[in-house]
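Coordinates in review
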Amino acid sequence: MAKEVLYSSTRGAKGQIKASEAILKGLATDGGLYVPDHIPQLEKSLRELAQMGYQDVAFEVMKLLLTDYTEEELKYCISHAYDSKFDTEEIAPMAEADGAYYLELYHGATIAFKDMALSILPYLMTTAARKNNVKNEIVILTATSGDTGKAALAGFADVPGTRIIVFYPKHGVSPIQEQQMVTQKGDNTCVIGIEGNFDDAQTGVKKIFTDPELAKELDAKGFQFSSANSINIGRLVPQIAYYVFAYTRLLKEGRIADNEDINVVVPTGNFGNILAAYYAKSMGVPIAKLICASNSNKVLFDFFQTGEYDRNRDFVLTSSPSMDILISSNLERLIYHIAGNNAEKDAEYMAQLAGAGKYEITEEMRSKLTDFFGGYATEEETFATIKNVFEKTGYLMDTHTAVASSVYSKYVEKTGDKTVTVIASTASPFKFTRSVMNALGKGDDSKDDFALADELSVVSGVEIPEAVTSIRTAEIRHKTVVDKSEMQKAVLDFLA
Ligand SMILES: *Cc1c(COP(=O)(O)O)cnc(C)c1O
């Protein structure tokens, strides 16, 4: 048996808890994020894993980090998550186009990569509640830049013992993203638009989470909060699996030799997806460079350039809204690790971020970031990438994936690095239909997004995903919009 992995807060190492407890809590009471006390190594060789399907690879990865779940419990969670909700048996298929491998993470129920983690989180969470004799109803509080919200709603809708409340920036998501959320069924679901941006939503949710008075009040009423955001370690762990899986597919298909390095490019917002790749590397997957791709909200690019994280800048609304973020929560976990698992230092930086809005890491910490490469793509570059790759190869990608693809091209141009490369493809082009059609030079302002989806289907020869057709005429069930200062009240109203 491998050594048990315990979790503690990035801001105070006192009090280690088990994986299931960390998943239940979501965020530590000191505002920190739960991190593993050590990163276990894969037990099976990548060659052995290459013989397995997605579910089995996921099991091999997740059992190493979620050590207090029994084999039976984990297998139950995995088999119920990665099933026919996905429109392909492979779960995470890979497509080769223009010299790179696109790992398509958008074949789940809501056609974005968030499904990879959020189709399993409700199972991990309810199993954790059972294991820990939790009697309270669990209230999932989630801030979304568009994709997490729907994926979390789809995962938790009508799950007994849970309720879910989602806050999204009223003017910061695509029409299809909004329609997906406001038509959500389920008696335990609540969707609220806020007058504010994603950072406001995320900050508001963290504040509600860490309010001890509120927690007491709710406990008396039989409720406790948890999170479906990537601050929850139960989101991150399942995401590690697809990087392991991607490597094993390349191996199986003879695209790489044993132990050959690959690079990974990730279109980044909250830094969850790329952190999962970093953990995969730490567990033994031969990943050389972790290429972090940003849109015009390039706070991470600047951070990797200079070592200073500075959120004091204008928030830009782009055509890749799920990456419109200035406070990348999961970077905190990386900061903690490169500080030598030093919670005191991390807490200091995060206090600076909350105060002055910026912090600068030491030279020693920067020296531990050499595996990362930061890049960004402008709107023009993003659109040009969609058009060029489609015209050259027939491969169609969404705006987020195009940010990554564009950054990858610039990286190759700059470095000449020929390492086999996997680009995380995070959303279906049909989720961002208008932008994709504009990029192809086929936009039409007189048409709505659904009419454009029809045309995109004709142009691309790709069928419109069920996730889009099913919401087209669905009843709008959620209409509440509140100011960002009224989030707590909205939560209490829903629970009353
Ligand atoms: C959430 C999301 C991202 C950003 O992922 P992070 O884990 O927040 O960095 C990128 N693309 C799409 C389509 C997303 O939904």
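Residues numbered from 1 in each chain as written. Predicted model: local features only at pLDDT ≥ 70, side-chain atom pairs only at ≥ 80, totals over all residues. Heavy atoms only, no water.

Looking at the packing of helix α9 (residues 198–209) against helix α22 (residues 487–495)
Which entries qualify depends on this criterion: Lines fitted to C-alpha atoms define the axes here, with helix axes fitted over just the stretch in contact, and angles between the N-to-C directions of these axes take values from 0 to 180 degrees. Starting at the N terminus, helices and strands are each numbered in turn, a helix being any DSSP run of H or I of at least four residues and a strand any DSSP run of E of at least two. Angles are sorted into four bins: roughly parallel if under 35 degrees, roughly antiparallel if over 145, roughly perpendicular if 65 to 115, and oblique for all others. Here a crossing is called left-handed whenever its near helix is offset anticlockwise from the far helix by less than a right angle, and right-handed whenever the offset is clockwise. The contact criterion used throughout is that any non-hydrogen atoms of two residues lie within 4.5 Å. Residues were grouped as follows: Ala, Val, Leu, Ile, Met, Phe, Trp, Tyr, Cys and Pro as nonpolar; Asp, Glu, Lys and Arg as charged; and all remaining residues, including Gly, as polar.
Remark: α9 packs on α22, axes separated minimally by 9 Å, with the N-to-C direction vectors making an angle of 60°. As the angle between them shows, α9 and α22 are arranged oblique. Where α9 crosses over α22, the two elements pack in a sense that is right-handed. Contact residues: D200, A201, G204, V205 and I208 in α9; M487, Q488 and V491 in α22. Considered class by class, the residues forming the contact of α9 with α22 number five nonpolar, two polar and one charged.

Re the sheet that holds strand β7 (residues 162–169)
Note the threshold: Any two strands between which DSSP finds at least two bridges are classified as paired.
Here we have five strands laid out as an open sheet, ordered β9-β6-β7-β8-β16, and parallel in their pairing. Where the open sheet ends on each side, the last strands, each with one partner, are β9 (223–227) and β16 (481–483). Across the sheet, the mean angle separating the axes of adjacent strands is 30° when strand polarity is ignored. In terms of strand pairing, strand β6 (residues 137–143) meets β9 through five bridges, oriented parallel. Bridging across to β9, I140 finds its partner in S226. Across the sheet, helix α7 (residues 147–156) lies against β6, β7 and β8 (189–195), angled at about 165° from β7, the strand it touches most. Sheet contacts for α9: β6, β7, β8 and β9; angle to β6, the most-contacted strand, approximately 150°.

Focus: the sheet that holds strand β10 (residues 262–267)
The mixed open sheet is built from six strands, whose spatial order is β4-β5-β15-β10-β11-β14. Edge positions in the sheet fall to β4 (94–97) and β14 (372–376), since each has one partner strand and no second. This sheet shows a mean twist of 25° between the axes of neighbouring strands, independent of strand direction. Pairing of β10 with strand β15 (residues 421–425) involves three bridges; the strand directions are parallel. Looking at the pairing, V264 lines up with V422 of β15. Sitting on the sheet, helix α13 (residues 299–306) touches β11 (287–294) and β14, and the angle it makes with β14 is about 135°.

A look at the packing of aromatic side chains
We count it as follows: Classification of ring pairs rests on two measures: the distance between centres of Phe, Tyr or Trp rings, Trp counted by its six-membered ring, which must be within 6.5 Å, and the angle between planes, read as stacked under 30 degrees, edge-to-face over 60 and tilted in between. Any residue under 20% of the maximum accessible area for its type is buried, any over 50% is exposed, and the rest in between are partly exposed; the area is computed with a 1.4 Å probe on protein chains only. Throughout this description, the term charge over a ring refers to an Arg CZ or Lys NZ atom that lies within 6 Å of the ring centre and within 35 degrees of the ring normal.
A complete count under the given rule lists 18 aromatic pairs for this structure. Seen in terms of ring centroids, F373 and Y411 are 4.8 Å apart; in terms of plane orientation they differ by 70°. Their pairing is edge-to-face. With a gap of 38 residues between them, F373 in strand β14 and Y411 in helix α18 (residues 399–415) connect regions that are remote in the sequence. Judged on exposure class, the residue F373 and its partner Y411 are both buried. One aromatic cluster is present, formed by F271, Y278, Y279, F303, F304, Y309, Y349, Y359 and F372 through successive ring pairs. Residue placement shows R163 over the ring face of F494; its charged tip is 5.8 Å from the ring centre. Its guanidinium or amino end placed over the ring of Y376, K298 lies 5.2 Å from that ring's centre, counting from NZ or CZ.

Digging into the site of the ligand
Our working rule: Nearness is defined per residue: one heavy atom within 4 Å of the molecule or strand is enough. Pairs of N or O atoms are called polar contacts if they sit within 3.5 Å, as long as, within protein, a hydrogen donor faces a hydrogen acceptor (for residues adjacent in sequence, only side-chain-to-side-chain pairs). Each accessible area is a Shrake-Rupley estimate made with a 1.4 Å probe; only the visible protein chains count as cover when residues are assessed.
Around the ligand lies a shell of 15 residues, among which K114, D147, G269, N270 and N273 are the nearest. K114 places a polar side-chain atom, nitrogen or oxygen, 2.6 Å from an oxygen atom of the ligand. With respect to the ligand, the backbone of G272 contributes an N or O atom lying 3.2 Å from an oxygen atom. Protein burial of the ligand: of its 380 Å² of free accessible surface, 98% is covered by the chains. Residues that form the shell around the ligand fall into these classes: five nonpolar, eight polar and two charged.

Some remarks on helix α20 (residues 449–460)
Just so we agree on the cut-off: Each residue after the first adds 1.5 Å to the expected span of a helix. Comment: arc refers to directions from the helix axis out to C-beta atoms.
For α20, with twelve residues, the first-to-last C-alpha span of 16 Å sits near the 16 Å given by 1.5 Å per residue. The complete set of buried residues in α20 reads D449, F450, L452, A453, L456, S457 and S460. Down the axis, α20 shows its buried residues gathered within 150° of arc, on one side only. Buried residues belonging to α20 abut α8 (175–182), α17 (379–393), α19 (433–439) and α21 (466–469). Capping the start of α20 is the job of one residue whose side-chain oxygen sits 3.0 Å from the backbone nitrogen of F450: D448. Positioned one or two residues after α20, G461 has a phi angle of 75°, which is positive.

Remarks on the environment of V205
Along the chain, the position of V205 falls in helix α9. Put simply, V205 and P160 are 45 residues apart on the chain and 23 Å apart in space, counted from C-alpha to C-alpha. Not counting residues within four places of it along the chain, the set of residues in contact with V205 comprises L141, T142, A143, F167 and M487.

Focus on the side chain of D449
The residue D449 is located in helix α20 in this model. What makes D449 buried here is its relative accessible area of 7%. A distance of 3.0 Å separates the side chain of D449 from the side chain of R434, its partner in a polar contact. When sequence neighbours within four positions are dropped, the list of residues in contact with D449 reads P175, I176, T433 and R434.

Points about the pairing of β10
The cut-off we apply is this: Call a crossover right-handed when, viewed with both strands pointing away from you, the route from the first strand across the helix to the second goes clockwise.
By the criterion of burial, β10 is predominantly enclosed, with six of the six residues buried. Residues I262, V264 and V266 point to one face of β10 and N263, V265 and P267 to the other, with burial holding for every one of them. In the sheet, β10 pairs with β11 via five bridges, with the strands oriented parallel. Looking at β11, one finds that P267 is bridged to A293. Handedness of the crossover joining β10 and β11 through helix α12 (residues 272–282): right-handed.

With respect to the packing of α17 against α18
Look at α17 against α18: their axes get within 8 Å of each other, and the N-to-C directions meet at 90°. Taken as axis vectors, α17 and α18 run roughly perpendicular relative to one another. Residues E381, T382, F383, T385, I386 and V389 of α17 pack against T399, A402, V403, S405, S406 and K410 of α18. Of the residues that constitute the contact of α17 with α18, the class distribution is five nonpolar, five polar and two charged.

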